[in-house]
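Structural overview for review
Here is how the chains run, residue by residue.
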Amino acid sequence: MNKIGIFQGRLSKSHENKIQSFPFDTWELEFELANKIGFELIEWIIGDEIDNNPLFNLKNKDKINRLKRISKIDINHICLDYLMNLSFLEKETRKIFLYIFNNIVDNFQIKNIELPMLGKSRITKNNMKEYIAFFKEIDVLLIQKNNINILIETDLKPQDISLFINNFKSKRILINYDTGNSIMWGYKEEIELNTYGDMIGSVHIKDCTKRDYSVPLGNGDVNFNNVLKLLYKKNYKYDFILQPARNGNDFMNSKNNYNFFKKKCDESFK
C-alpha cells in the first residue's frame, strides 16, 4: 500500500520567502495538521541550520516519538537539503552524512535518507567516478545495516541514472523521482520510468512547467495519470511525498493538494 506524505514545512508559513526550510517555530504542530488532512507521513528536512535541527538532539527523541504515536504520522524519510549548498565531495559534508547514517537513523527509526544531488552536490560526468567510489563505500554499510534506503535525486539523463545505480550491490541505493523536476529538465516520463522505474524508492509530487519551477498541482505540465500508471506497471511499492508549490493558506493548500493527488491515485492504482 503506497502511503502519501508531505514535505516538512509545507504546513507552515514560509520562512524568509523560501520555498522550503525547516519550520523551527511550528514543526510540532505540523504532525497534528498532517493527520487532520489525511497524510500518513512527514518527510523531515535537514537544511542549512544543521546543528539546531531537533533530530541532532537526543533529548527530543521521546517528544518526537510521542508526536508520531499521537498523530499517527510517521517519519520514514529525511531529506538532507543542505547538500545543495555544501558539496558532498567535501570531507566535512560526508562526516555529517555518516553521523546521520550511524546515529540519527536508528534513534528516530528512519527508513530512507534522501540526497538531493543537485546544486553544489550535483553529479556530473567530471565527478561521476568519485561519486561511484563514495557510494560503493556506503553500499557496503547498507548491506551490513539492511534496514535503510539511500534515495538519490539527480538531473542525470535516464540512461546515465540506470548505469549509475547498477554499480551497487545492496539494491538499497535507489532514485528519488521528482515529477516536477522532470518537466523542468525536459525529460519524458515514459522514457524515464521505462528505463529506471524499478530503481525508484520514493516519489516527490510536484507540478511544473518548463518556464515556472513550481505551480499548484494540476496547473502544470505533469501528466499525473500517466506517471502513476507507469509506476503501477513497475510494481512501485514505496511512498509518495507531496512537495507542491506554496499558494496562500498553508493548511488549505495542503488539503487541496492531498485531495487532488489522492483522487489521481484512486483512479490509477485500481
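Residues numbered from 1 in each chain as written. Predicted model: local features only at pLDDT ≥ 70, side-chain atom pairs only at ≥ 80, totals over all residues. Heavy atoms only, no water.

Side note on the side chain of K68
- By the secondary structure assignment, K68 is in helix 2 (residues 61–71).
- Of the side chains with opposite charge, D74 lies nearest to the buried K68, which makes no salt bridge, at 5.2 Å.
- Here F108 takes part through its backbone oxygen, which lies 3.5 Å from a polar atom of the side chain of K68.
- Here K68 is in contact with F31, I73, D74, I75, F108 and Q109, once residues within four sequence places are set aside. (Helix = DSSP H or I, 4+ residues; strand = E, 2+ residues; numbered from the N terminus. Buried < 20%, exposed > 50% of the residue type's maximum accessible area, 1.4 Å probe, protein only. Lys, Arg positive; Asp, Glu negative; His and termini not counted. Salt bridge = Lys/Arg side-chain N within 4 Å of Asp/Glu carboxyl O. Polar contact = N/O pair within 3.5 Å; in protein donor to acceptor, adjacent residues only side chain to side chain. Contact = heavy atoms within 4.5 Å.)

Details of the packing of aromatic side chains
- A full pass over the atoms with the stated rule returns 22 aromatic pairs.
- Judged by centre distance (5.5 Å) and plane angle (75°), the ring pair of F88 and F97 falls under edge-to-face.
- The exposure class assigned to F97 is buried, which follows from its relative accessible area of 1%.
- An angle of 75° between the planes, with centres 5.4 Å apart, marks the rings of F164 and F168 as edge-to-face.
- Owing to a relative accessible area of 3%, F168 belongs among the buried residues under this scheme.
- The ring of F134 is capped by R94, whose NZ or CZ atom sits 4.0 Å from the centre of that ring.
- The ring of F101 is capped by K145, whose NZ or CZ atom sits 5.1 Å from the centre of that ring. (Phe/Tyr/Trp six-rings, centres within 6.5 Å; stacked < 30°, edge-to-face > 60°. Lys NZ or Arg CZ within 6 Å of the ring centre and 35° of its normal.)

Thoughts on unusual backbone geometry
- You will see that K72, though not glycine, has its phi angle at about 60°, which is positive.
- Here K72 is to be found in the loop between helix 2 and strand 3 (74–79).
- K72 gets classed as exposed once you look at its relative accessible area, which sits at 68%.
- You will see that Q109, though not glycine, has its phi angle at about 55°, which is positive.
- When you line up the elements, Q109 lands in the loop between helix 3 (91–107) and strand 4 (112–116).

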